[in-house]
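These are the residues of each chain, in order.
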Amino acid sequence: MEFLKKLFAGGGGPSRDRAGMYFYVRPKRCDEILEVRVDLRNDPSRTEDGGFFVRKVVRGHRCPFPAELHIDFDSNHRITQIGVQDGETVEEEEYQAWLTEKEASVNNDE
């Protein structure tokens, strides 16, 4: 049963849709968490060793500081390494909690 849960739910890795994966990045010195979609059909670039990589620079609406997400894949598009320059990755649950908190503060301000 755990195998099926991991297969269909992603097993704690990045969220997925039909052609993409979602990562969550918090830039340094910022409270904002950004959702970053990687389109697996168009975003990866080939490396010299036959693998792939994706590099995305992200900047939020309230945060003036950019962060750079870098993901390495093997030749079968399996993630081998994830890194963030000038920021950090966070789990989807933390992103959802941040969204809920942000929504609650907007509703309290009204």
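Computed from a predicted model, the values in this text were never measured in an experiment. (Residues numbered from 1 in each chain as written. Predicted model: local features only at pLDDT ≥ 70, side-chain atom pairs only at ≥ 80, totals over all residues. Heavy atoms only, no water.)

(A) Structural view of the sheet that holds strand β5 (residues 52-58). Spatial ordering of the open sheet is given by β4-β5-β6-β7, a layout of four strands whose pairing is antiparallel. The sheet is open, and its two edges are formed by β4 (45-46) and β7 (79-85), each paired on a single side. Two strands pair when backbone bridges link them, and β5 and strand β6 (residues 67-73) are joined in this way by seven bridges, in the antiparallel orientation. Residue pairing for β6: V58 is matched across the bridge by A67. (Pairing = 2+ DSSP bridges. Helix = DSSP H or I, 4+ residues; strand = E, 2+ residues; numbered from the N terminus.)

(B) Seen up close, the pairing of β6. With five of its seven residues buried, β6 lies for the most part within the structure. Sheet analysis places β6 next to β7, joined by six bridges and oriented antiparallel. Bridging across to β7, L69 finds its partner in V84. In sequence, β6 turns back onto β7 through a hairpin of five residues, with H77 there showing a positive phi of about 65°. (Buried < 20%, exposed > 50% of the residue type's maximum accessible area, 1.4 Å probe, protein only.)

(C) How the structure looks around the pattern of salt bridges. As enumerated under the stated definition, the model contains seven salt bridges in all. A salt bridge links D74 to R78; the nearest nitrogen and oxygen atoms lie 3.0 Å apart. Several salt bridges converge on common partners, so that one network encompasses R26, E88 and E94. (Salt bridge = Lys/Arg side-chain N within 4 Å of Asp/Glu carboxyl O.)

(D) Focus on the side chain of D72. With respect to the element layout, D72 can be found in strand β6. Buried charge without a partner: D72 forms no salt bridge, and the closest opposite charge is R55, 11 Å away. Among all residues touching D72, those that are not within four sequence positions of it are F52, F53, R78, I79, T80 and Q81. (Lys, Arg positive; Asp, Glu negative; His and termini not counted. Contact = heavy atoms within 4.5 Å.)

(E) A look at unusual backbone geometry. In this structure, R29 takes a positive phi of about 65° despite not being glycine. As for its position among the elements, R29 is in the loop between β2 (20-27) and β3 (34-39). The class of R29 is exposed, set by a relative accessible area of 64%.

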